Protein chains: 2
Amino acid sequence: MNKKLIMDGTAIQPTNSQLQVLGIFNPAVIDFQDGIIMIARVAEQAIQDEDEFFKVPTFHPSHGIKVMKISKNDPAYDFKDARVIKNGKTSYLTSISHLRIGKSIDGVHFDFDSFAPLIPQNQYEEYGLEDPRITKINDDYMITYTAVSRFGITVRLLKTRDFIEYIDLGNIFHSDNKDCVIFPTQVNGKYFALHRPSISQFGQPDIWTAQSDNLTEWGNHQIMEQARVNYMSCSRVGAGAVPFLTEEGWIVIYHCADEYNRYHLACLLLDKNNPNHVLKRSKSPLVEPTESYETKGFMNDVVFTCGLIQNKQEISIYYGACDERIAMCTLTVKEIYDNLEVIL
Amino acid sequence: MNKKLIMDGTAIQPTNSQLQVLGIFNPAVIDFQDGIIMIARVAEQAIQDEDEFFKVPTFHPSHGIKVMKISKNDPAYDFKDARVIKNGKTSYLTSISHLRIGKSIDGVHFDFDSFAPLIPQNQYEEYGLEDPRITKINDDYMITYTAVSRFGITVRLLKTRDFIEYIDLGNIFHSDNKDCVIFPTQVNGKYFALHRPSISQFGQPDIWTAQSDNLTEWGNHQIMEQARVNYMSCSRVGAGAVPFLTEEGWIVIYHCADEYNRYHLACLLLDKNNPNHVLKRSKSPLVEPTESYETKGFMNDVVFTCGLIQNKQEISIYYGACDERIAMCTLTVKEIYDNLEVIL
């Protein structure tokens, strides 16, 4: 397997002069015209230029990105977590993400200047847009992403043909949900998706499937039992790249995180005719943090995929490294198969 | 307003000789043939006949209800909460609920012996079936209910024409979700439902709407902002009875619980053509715990509705009292209207 660091956020312009880019990561990728389109998550933080205040970016549908000042001495606020500031039941993210669209001919060098970014547009996106996935269905590119707001974490859907004009199809999964990936074709007359509900009292952060007639309304939610978190001491799992069909079944690359938030990528082989049925699973991690760009960063030891490009028998998995930069690894379908085992 | 205690669990036979009935509560009701059908939640507990063990009922699809013995001296288990026993990440409910179907001619005396109960049938119902609602759509009775298991809290849907044979339509909302109520007619060509996602990090337990073409697949999830929990110091709200249409709009009776778990019922008036838009809301609690059967029981101070019967201008709200018994109150549509105010 070949690994390569593709880019970090240094060349990315902030959306606003009050903000600075923390990183670019968790990219979706898809073949488009003569090259590859990438939709990547860009995290920005308010520029911290006043010692006594912590500045937090939020979005309001009426006046766009707004920077809120919180006194560091205000006892109502809890600053312990670098990612979240809490005031009683209200939480503020210290950074806000949006999605940036880039294009590449060679799959390695991406130009992010030709397409408008996807920034918060509604109340469900107040704390940002995160972790996109792109599925091509007929002539449409369907983009799922996570929307974060005071109302929770929902999965939303956009439709585009050109990555210039988008149709907003709303919240397709209610709060809290993440890591939604739509299959590229119907199976037995239904569209399928993988998704990852967050749980409040019972259960674990596991992968579920759902079915749909029209891509906007989803039902028949079922847990993928053999993908459950009791495997390889994972404390949560979530789908990653859009599944692709092989003779043996659907291949899904997904992430597993342990209780120390160390991530790795693994593979599931799903039944061709029933994507809820796991036939085989990786024996050992397929991609794990080994390189310095995967082990040290905004969040250490994170490899998180939202997309891959298939070129006959060669698969290029694009992934976020440390919630800060984008890397890629290339391996063959045979290498993926050789690491699979039947689940007893 | 007239209040009346309808019944408690004393006349209800347990499903199994190892179990005892704790109560019957949270009933759905609907006009059916020459009378009224009630689907009520019955909670059962294992008979505690060994001093050193706490016995917990669970359901397994292969061998039905099973009573698990937990040593009271086992330090791995946490017995602090009367409703839930915890062992690390695993939770067990101390009681398990199923649904019992009764029939009445006068709306007050219900016979529960003629219909088979709805007991756990699959892995999503391992810890029970709770809080049903019945909506008649054309010739079908659509029954939503909460299913509880190690995989979380989902909303499931059954379809019946006779309350004898049921078609299982699976999980219509993923974990965690509760309090799903389907509207009796389409609005602008779509079916609508109210539902209540439980949240894990951001947000509050608020009422949301969803839309559907086929009743089994749901999308376009939107929060009902004016029903939010910041009203009358509620810390959570959830839809109750199936909405009914008046000239002014849809009337929804729903529950509000404060941080001390004291419940009351209130009313929302929703736009006829857009059920996500709240026009008016109760000025003051419509039904609150005042009678001894509403204030003292398995859970004190609980009034929780899952259904009502409309008889011209008279509305009979059926509700669970204290998670133990069933009560009813009768009031007029005018009384409900007089308590509404426009939300500024």
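Since this is a predicted model, take the numbers as computed values, not measurements.

*Asks:* Break down the interface of chain A and chain B for me, citing the residues and quoting the values.
*Replies:* With 47 residues of chain A at the contact, the number on the chain B side is 47 residues. The junction of chain A with chain B conceals about 3,800 Å² of combined surface from both sides, 52% of it contributed by carbon and sulfur atoms. Summed over the three residues of chain A that lose the most area to chain B, namely A:H174, A:F202 and A:E217, the buried surface amounts to 22% of that side. Our enumeration of links across chain A and chain B arrives at two salt bridges. In this structure, the salt-bridge partner of A:E217 is B:K190, at a minimum N-O distance of 2.6 Å. Along the contact surface separating chain A from chain B lie 18 residue pairs in polar contact (both at pLDDT 80 or more). Sorting the residues of the side of chain A that touches chain B by element identifies β7 (90-93), β10 (140-149), β11 (152-160), β12 (166-173), β14 (191-197), β15 (208-212) and β16 (217-223) of chain A as the ones contributing at least two each. Examining the composition of the side of chain A that touches chain B, we find that seven residues originate from one element, β16(A), more than from any other. The residue makeup of the side of chain A that touches chain B, split by class, is 15 nonpolar, 24 polar and eight charged.

*Asks:* Explain the side chain of A:S212 residue by residue, including any values.
*Replies:* Position of A:S212 among the secondary structure elements: in strand β15. Separated by 3.1 Å, the side chain of A:S212 and the backbone nitrogen of A:N214 make a polar contact. If sequence neighbours within four positions are ignored, A:S212 has contacts with A:K190, A:Y191, A:E217, A:W218 and B:E217.

*Asks:* Tell me about the relation of the copies chain A and chain B, residues and numbers included.
*Replies:* At an RMSD of 0.0 Å, chain A and chain B line up after a rotation of 180° and a shift of 0.0 Å along the axis. The relationship between the two copies is best expressed as a two-fold rotation axis.

*Asks:* Lay out the packing of aromatic side chains in plain terms, naming residues and giving numbers.
*Replies:* Within this structure, the stated rule accounts for 25 aromatic pairs over all chains. Taking the centre distance of 6.4 Å and the plane angle of 50° together, the rings of B:F54 and B:F79 count as tilted. With a gap of 25 residues between them, B:F54 in strand β4 (residues 53-60) and B:F79 in the loop between β5 (64-71) and β6 (84-87) connect regions that are remote in the sequence. The rings of A:F32, A:Y141 and A:F163 are connected pair by pair, giving a single aromatic cluster. Residue placement shows A:K69 over the ring face of A:F53; its charged tip is 4.6 Å from the ring centre.

*Asks:* Now, about the pattern of salt bridges: what can you tell me, with residues and values included?
*Replies:* Residue and element names in this part refer to chain A. In this structure the tally under the stated criterion is 38 salt bridges over all chains. Where K55 meets E50, a salt bridge forms, and the shortest distance between an N and an O atom there is 3.1 Å. Look at K55 and you get buried, because its relative accessible area is 10%. Overall, E50 belongs to the partly exposed group, its relative accessible area being 26%. Here the residues in one salt-bridge network are D49, E50, K55 and K69, joined through shared partners.

About the thresholds
Residues numbered from 1 in each chain as written. Chains lettered and ligands numbered in written order. Predicted model: local features only at pLDDT ≥ 70, side-chain atom pairs only at ≥ 80, totals over all residues. Heavy atoms only, no water. Contact = heavy atoms within 4.5 Å. Buried area = accessible area lost by both parts, 1.4 Å probe. Salt bridge = Lys/Arg side-chain N within 4 Å of Asp/Glu carboxyl O. Polar contact = N/O pair within 3.5 Å; in protein donor to acceptor, adjacent residues only side chain to side chain. Helix = DSSP H or I, 4+ residues; strand = E, 2+ residues; numbered from the N terminus. Nonpolar A, V, L, I, M, F, W, Y, C, P; charged D, E, K, R; others polar. Least-squares fit on C-alpha atoms with pLDDT ≥ 70 in both. Phe/Tyr/Trp six-rings, centres within 6.5 Å; stacked < 30°, edge-to-face > 60°. Lys NZ or Arg CZ within 6 Å of the ring centre and 35° of its normal. Buried < 20%, exposed > 50% of the residue type's maximum accessible area, 1.4 Å probe, protein only.

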